[in-house]
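The lines below spell out each chain.
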Amino acid sequence: MYSVILCGGSGTRLWPLSRKNFPKQFLSLYSDKSLLQETFLRMTKIMPNENIFFVTNNDNYFNVLNQIKEIDKNFTDKQVIIEPASLNTAPAIALSVKYLLEKIRIDQNAPIIFLPSDHYIGNKKAYLDLTKEAMRSIEDRIGTIGIKPTSPETGYGYIRRGDKINSYHKVEEFKEKPDKVTANFYIQSGKYSWNAGMYIFNAKTFVSEIKKYEESIYKLFIENYDFFIEHFDTMPKISIDLAISEKSDNVAVIEGDFGWSDIGSFDSLSELSLKNGNKKGKHVGHDSKNIFVHSQGDKLITTIGVEDLVVIENNDSILIHKKGRGEDVKKIVEALHEDEHKSLDDNLIVHSPWGKFEILIDSPVHKVKRITVYPGEKLSMQSHFHRSEHWIVVKGIAKVTNADKDLFLRENESTYISPTSIHRLENPGKINLEIIEVQTGNYLEEDDIIRYEDHYGRK
């Protein structure tokens, strides 16, 4: 029994919290764990940790690795599969099946569950019981976990259920996102489930199905692994739904009712928070009602004389929209794309392979950062032309290379890095290293850097 968690999405519907370089699945929205970590922890309840794999892109590789290492110290990079290109779910699943067969050498008849990384599950016991039953009884079919619909949603695809086969129903048809009238008909008929994008099948069945229905993927799949990786970007950008499940007569659905949400908008996050009593921000209102506030920085938000609002605060942006208009966030994102606005990529907290940094002050001639370096990690050996840096340790122990000197700094100790001086920061300790960095100079952008050696292969 194996699990593959798909985590290559960008999650722009949750801007400004979700960014290109730190998308939705890495956010902590309803607990102290990220959506990715929650997904992993659920799977650990039904299979060994070493049987859980992730497929992601180069940009998010270290985000996955670092977040899972936070909760599983034995997690290894062999459990993270890197897509050479982002081509949608069918190529990503083909890559993961290829990897499991040839690199991990799993049994081709072993069931594999493929999961989105960014969904909410309210009733974990009901979900896990259903998942175990689904994996036990799937046999040589393409299985999917459908969601019992609770309302006529127009933002989800639907699955029409047919005859019962043991725990499953035969899938009669997949339906695209409907209009409101059609969605109401689906609900009233009692024959439809929401399509949550959760699939279960073994490698043998997957290969058989792509041979029948997606020849371009199959022809590449049967080549050796290195050839497959080298030519990965020649595969079509296509979802697993379009590639296989909507064409195959061998698909079965098992319906579940376990408090599922894809958290596809701030409206849905608002509903979850109201249901669970979660608070991510302080709100004081006067003559205000039905206000949802989510503050990443835990800032105080005050309102007067307003109602039916969603207020989202991130450290560099604020989004306010009327409740029920969450889908229109994509229009804001489109406008920001046109302006090439940098807030689509990073926010003031920037995540790197070695840790993260937060910009506290940003002016033309000086910048202040809070830098966190994870245990055992290190920044590149580097220098700058236009700025000097002053490092002050506030937590942990730092190993510093500064020109021709190596030194260890403890809390409240500091060092000065002059312009053009070759330097490096490392964390030799067992807890996170935190420093305050003060930059001064006439140019303080991130591209003023020369790397001489980098542990992560960056240039």
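Residues numbered from 1 in each chain as written. Predicted model: local features only at pLDDT ≥ 70, side-chain atom pairs only at ≥ 80, totals over all residues. Heavy atoms only, no water.

**Remarks on the layout of surface pockets**
Okay, so step 1: Within this model, the second largest pocket holds a volume of roughly 1,100 Å³.
Okay, so step 2: Lining of the second largest pocket is provided by 40 residues; of these, Asp346, Val350, Ser352, Phe357 and Glu446 occupy positions nearest its centre.
Okay, so step 3: The residue inventory of the lining of the second largest pocket, partitioned by class, reads 13 nonpolar, 13 polar and 14 charged. (1 Å grid on protein atoms, 1.4 Å probe; cavity = no way out; pocket = protein on both sides within 12 Å on 5 of 7 lines; lining within 4 Å. Points joined across faces, edges and corners; volume = space filled by probe spheres on them. Nonpolar A, V, L, I, M, F, W, Y, C, P; charged D, E, K, R; others polar.)

**Observations concerning the packing of helix α1 (residues 35-43) against helix α4 (residues 124-137)**
Okay, so step 1: Running from N to C, α1 and α4 point in directions that differ by 55°, and their axes come no closer than 11 Å. Taken together, α1 and α4 sit at an angle that is classed as oblique. In this structure, α1 meets α4 at a crossing whose hand is right-handed. From α1, Glu38, Arg42 and Met43 reach across to α4, where they touch Lys124, Tyr127 and Leu128.
Okay, so step 2: Broken down by class, the residue content of the contact of α1 with α4 amounts to 3 nonpolar, no polar and 3 charged. (Axes fitted to C-alpha atoms, helices over the stretch in contact; angles between N-to-C directions. Helix = DSSP H or I, 4+ residues; strand = E, 2+ residues; numbered from the N terminus. Parallel < 35°, antiparallel > 145°, perpendicular 65-115°, else oblique. Left-handed = near helix turned anticlockwise from the far one by under 90°. Contact = heavy atoms within 4.5 Å.)

**Some words on the pattern of salt bridges**
Okay, so step 1: The final tally for this structure, using the stated rule, is 23 salt bridges.
Okay, so step 2: Among the salt bridges present, the one from glutamate 313 reaches lysine 299, with a minimum N-O distance of 3.1 Å. Of this pair, glutamate 313 sits in strand β15 (residues 307-313) while lysine 299 sits in the loop between β13 (289-295) and β14 (300-304); the two residues are 14 residues apart in sequence, bridging distant segments of the chain.
Okay, so step 3: Residue classification places glutamate 313 among the buried residues on the basis of a relative accessible area of 4%.
Okay, so step 4: A salt bridge links glutamate 358 to arginine 370; its shortest N-O distance comes to 2.8 Å. Taken together, the residues span a long stretch of sequence, with glutamate 358 in strand β18 (residues 355-362) and arginine 370 in strand β19 (residues 366-373) at a distance of 12 residues.
Okay, so step 5: We classify glutamate 358 as partly exposed; its relative accessible area is 22%.
Okay, so step 6: The exposure class of arginine 370 is partly exposed, given its relative accessible area of 34%. (Salt bridge = Lys/Arg side-chain N within 4 Å of Asp/Glu carboxyl O. Buried < 20%, exposed > 50% of the residue type's maximum accessible area, 1.4 Å probe, protein only.)

Scope: geometric values only; no functional claims are made or implied.
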